[in-house]
Each structure stands twice: as structure tokens, then as C-alpha cells.
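The residues making up each chain are set out below.
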Amino acid sequence: MSGPHITKDDILKASAGMLQKQLFVVFTSPTNGMGPVMENIEEHLKFQVDLEQRGIMLGAGPFWADDEHTWNGEAW
């Protein structure tokens, strides 16, 4: 597939009216089952709320299973 060569500068110029903040996404999956996740979830969520309140983290959340109801521990 060929097409134009688009650079970071091209994108920054095209999106000049936007915030242009560099964002990072972290994907996680439990390695030892859900037990350790649930043992630490309350403290983890308090930490995330603090990060949001201080403007450090934009958002976070679970990836629901295909039934859109069950959570298997994967998150972003």
C-alpha cells in the first residue's frame, strides 16, 4: 500500500486548534488470576481517582468481556 508520507509535523500543523497533548495508553492483564486484583482494587481505584483529580490521568477503565457484563481483569 502506498500513499503520502505523513510526518508528526504534518499532524501537528493539521491539528493546530487542538490541545496536542501527548498521551500514553497502558494495557494490563492479570497474570495470577483475579484474586490479587480484587485484593488490591480499592487502594488501586483510590490512587486512580487521585491521579484524575490532580489532572495527571485522563481516564481508565475495564475491558468488558464479550457479554459486556463480565470483567476478566483486562484494563486500559
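The structure displayed is predicted, hence computed values, not measured ones.

Reading guide: rules and limits
Residues numbered from 1 in each chain as written. Predicted model: local features only at pLDDT ≥ 70, side-chain atom pairs only at ≥ 80, totals over all residues. Heavy atoms only, no water. Patch = residues over 30% accessible without salt bridge, like charges linked within 9 Å, V, L, I, M, F, W, Y side chains within 5 Å. Areas by Shrake-Rupley, 256 points an atom, 1.4 Å probe, with all protein chains shown as cover. Salt bridge = Lys/Arg side-chain N within 4 Å of Asp/Glu carboxyl O. Helix = DSSP H or I, 4+ residues; strand = E, 2+ residues; numbered from the N terminus. Buried < 20%, exposed > 50% of the residue type's maximum accessible area, 1.4 Å probe, protein only.

A. Fine view of a nonpolar patch on the surface. A surface patch of nonpolar side chains, about 420 Å² in accessible area, is lined by Val25, Phe27, Phe63 and Trp76. Tracing the backbone shows Phe63 in strand 1 (residues 62-64).

B. Quick look at unusual backbone geometry. The phi angle at Gln20 is positive, at roughly 60 degrees, despite the residue not being glycine. Here Gln20 is to be found in the loop between helix 1 (8-14) and helix 2 (34-53). The class of Gln20 is partly exposed, set by a relative accessible area of 39%. Its identity is not glycine, yet Glu68 carries a phi of approximately 60 degrees, on the positive side. Given a relative accessible area of 67%, Glu68 falls into the exposed group.

Keep in mind that these numbers describe shape and distance, not what the molecule does.
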